[in-house]
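Fold and geometry: a report
Residue-level listing of the chains:
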Amino acid sequence: MNAYLEIIRPGNAVMGVIAVVLMAIIGENYNLPIILGGIAVFLAMGGGNVINDYFDHKIDAINKPNRPIPSGRISLKNAKLYAYLLFLLSIIMGFVISYLVNSLIPGIIVIISSLLMYYYAYTLKKIAIIGNMSISILTGLCFIFGGFIIGLETITTNIIIISLYLGFFAFIMTMAREITKDMEDIEGDKAEKARTFPILYGMKKSSYLAGFLMILASILSPILYFNGIFSIYYILILFFAIITFFYGAYTILKDQTTKNAKKASKLVKIGMMIAFISFAIGSF
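What comes next is a walk through the structure.

About the cut-offs
- Residues numbered from 1 in each chain as written.
- Predicted model: local features only at pLDDT ≥ 70, side-chain atom pairs only at ≥ 80, totals over all residues.
- Heavy atoms only, no water.
- Helix = DSSP H or I, 4+ residues; strand = E, 2+ residues; numbered from the N terminus.
- Contact = heavy atoms within 4.5 Å.
- Areas by Shrake-Rupley, 256 points an atom, 1.4 Å probe, with all protein chains shown as cover.
- Buried < 20%, exposed > 50% of the residue type's maximum accessible area, 1.4 Å probe, protein only.
- Core = buried A, V, L, I, M, F, W, Y, C linked by side-chain atoms within 4.5 Å.
- Salt bridge = Lys/Arg side-chain N within 4 Å of Asp/Glu carboxyl O.

Before going further, it helps to spend a moment on the overall build of the protein. Counting secondary structure elements, the protein contains 13 helices and zero strands. Ordered by position from N to C terminus, the α and β elements of the protein give α-α-α-α-α-α-α-α-α-α-α-α-α. Overall, the C-alpha framework of the protein stretches about 50 × 45 × 30 Å when taken along its three principal axes. A separation threshold of at least 6 residues defines the contact pool for the protein, and within that pool the share at least 24 residues apart is 74%. Accessible surface computed for the protein: about 12,900 Å², of which carbon and sulfur atoms make up 69%.

Further remarks concern the environment of Ala176. Within the secondary structure, Ala176 is located in helix H8 (residues 158-184). On the accessibility criterion, Ala176 (1% relative accessible area) is buried. For the pair Ala176 and Leu216, spaced 40 residues apart in sequence, the C-alpha separation works out to 9.8 Å. Among all residues touching Ala176, those that are not within four sequence positions of it are Ala210, Leu213, Met214 and Val268.

We now examine the nonpolar core. Of all hydrophobic cores here, the largest spans 80 residues; its most connected members are Phe143, Phe145, Leu166 and Phe279. Here this core takes 12 residues from H8, the largest share from any one element. Not counting the four nearest positions on each side in its chain, Leu166 is found in contact with Met23, Ile26, Phe143, Leu224, Phe230 and Phe279.

One pass over the structure, following the stated rule, counts six salt bridges. Among the ionic pairs, Arg67 bridges to Glu6, the shortest N-O distance being 3.9 Å. Of the two residues, Arg67 sits in the loop between helix H4 (57-63) and helix H5 (76-101) while Glu6 sits in helix H1 (residues 3-6), which places them 61 residues apart along the sequence. Neither residue differs from the other here; Arg67 and Glu6 are each classed as buried. Across the salt bridge formed by Arg73 and Glu6, the nearest N and O atoms sit 2.8 Å from each other.

So, to be careful, I would describe these as geometric facts and stop short of saying anything about function.
The following block contains the structure:
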């Protein structure tokens, strides 16, 4: 894979785009503003991934030596410039959307998200819980961004309210995954003197927090059906996500090794993807 494509981590960036696409499906809106919204999210998240690799090149040399920067395929200078370019393009796109929907809100959301991604990579990620919350907020904002684009264009608040609900659940699920990822990367983070939750409070307490968040997401998620937001199809698909989250919780609570944390992190990611599918199917 081309190093400049690899460093933006297309898989992670696409997760944000999927959130916007889901809002388009739920709102039955496929007009130009929401399409541009998906592109803006991809560019912004790509920039966030690049700047994260820029600041994390020493940690990645330990944890992920094959990444583009530690492997020498992209220089530090070029990585930084590339991140700035992606952020700039996403902000321009955000204000094009603002023009189309006659509101500054989309552009402001992109600016806030870009700044948060930069400061997360620069310093926030090294602060226990705060760093995890930053990434979780950004994931939730992808839904809210899509909801506002459609709501502002169609002049309706219902889709915005739905996006806030989905943003909340995305926040919880992402928090669970972020904690397990910190458990997985604990050795590299120690080398960089990061103050992540597992380093400060240990792997056992981290597993309790991650397991609690997985179970919390599972217990609360049916509310979206009982509140009339989604149809019975949502529950049918969601069942598989709940099983995955419970298994992830069981996995991390049973064994707190870095190898098992990696497995639990993958389970949470799979559970999130199934939950996102349930959002789309449940809208019919």
